[in-house]
Amino acid sequence: AVLLRHHRGARARRSPSRGGRQWLRLRLASVHLQLGLYDQMHHRAWDFLEQLRRALATRPIHQLDALPTEDVPQELTALVTTINELLGRVSQMMSAEKTLAANSAHELRTPLAAARAQAQLLLPDLPPGSPGHERVTVLMRRLDQLIHLTAKLMQLSRVESGLGLARDPVDLEM
């Protein structure tokens, strides 16, 4: 190592030896390579996140199947796995809601029809224009609305389950 003196009173310092400079160059090259690799991984991850965002934004509302897991950057595998688990839970919840709606509509149909029949039997015993007659008439309208609503729920559950859909061609010309 060579001693360098700058000005009077300045401390003497050693210039790096040839071996030290070479080590420094190798270290700088290593850092440069690491930064390049980091930048490449960073861009790949951001590109994947943008593709994932676009795929989720354009996905139909009822499409709850899992996202593809191939070609997922290692850094984002846990995120995609968590999204897939969430989609699975939402799918199970929606299935349970459909089942509840179908079962509820089926179970309500008979008691509503019985209540309407009882109201119909009660109506002739009440004088027209009396408060009781008006109340039973309103009750029958409300029961008709509930019966209509349960019929719609039953239709919806049949459509969602695939019942009632024609699977064979139908000739519309007669």
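Residues numbered from 1 in each chain as written. Predicted model: local features only at pLDDT ≥ 70, side-chain atom pairs only at ≥ 80, totals over all residues. Heavy atoms only, no water.

Draft legend 1. The arrangement of the pattern of salt bridges in detail. Throughout the structure, instances matching the rule amount to four salt bridges. As a salt-bridge pair, E50 and R54 come within 3.3 Å of each other at their nearest N and O atoms. Of this pair, E50 and R54 both sit in helix 1 (residues 18-57), separated by four residues, roughly a single helical turn. Judged by relative accessible area, which is 30%, E50 ranks as partly exposed. Close ionic contact of D144 with R116 constitutes a salt bridge, the shortest N to O distance being 2.2 Å. With D144 in helix 3 (residues 131-161) and R116 in helix 2 (residues 77-122), the pair connects residues that are 28 residues apart, well separated along the chain. Judged by relative accessible area, D144 falls into the partly exposed class, the value being 33%. We classify R116 as buried; its relative accessible area is 19%. (Salt bridge = Lys/Arg side-chain N within 4 Å of Asp/Glu carboxyl O. Helix = DSSP H or I, 4+ residues; strand = E, 2+ residues; numbered from the N terminus. Buried < 20%, exposed > 50% of the residue type's maximum accessible area, 1.4 Å probe, protein only.)

Draft legend 2. Focus on the nonpolar core. Ranked by size, the top nonpolar core spans 10 residues in total: A45, F48, L52, L64, L67, V72, L76, V80, I83 and L87. Every element with two or more residues in this core is listed here: helix 1 and helix 2. Each residue touching L52, except ones within four places of it in the same chain, is listed here: L67, L79, V80 and I83. (Core = buried A, V, L, I, M, F, W, Y, C linked by side-chain atoms within 4.5 Å. Contact = heavy atoms within 4.5 Å.)

Draft legend 3. Broad picture of helix 2. Taking 1.5 Å per residue as the helical rise, helix 2 with its 46 residues ought to reach 68 Å, and the 67 Å between its terminal C-alpha atoms agrees with that figure. Of all the bends in helix 2, the greatest reaches close to 30 degrees and is centred on R109; the proline P111 follows between one and four positions later. (Expected span 1.5 Å × (residues − 1). Bend = angle between axes of the 7 residues up to and from the residue.)

Draft legend 4. Region of the structure containing the side chain of N84. With respect to the helices and strands, the residue N84 is situated in helix 2. Setting aside chain neighbours within four positions, we find N84 in contact with A66, L67 and T69.

Draft legend 5. Main features of the packing of helix 2 against helix 3. Two numbers describe how helix 2 lies on helix 3: the axes approach to 8 Å, and their chain directions differ by 155 degrees. Taken together, the axes of helix 2 and helix 3 are roughly antiparallel relative to one another. Remark: the crossing between helix 2 and helix 3 carries left-handed chirality. Taken together, the residues that form the contact of helix 2 with helix 3 break down as 17 nonpolar, four polar and six charged. (Axes fitted to C-alpha atoms, helices over the stretch in contact; angles between N-to-C directions. Parallel < 35°, antiparallel > 145°, perpendicular 65-115°, else oblique. Left-handed = near helix turned anticlockwise from the far one by under 90°. Nonpolar A, V, L, I, M, F, W, Y, C, P; charged D, E, K, R; others polar.)

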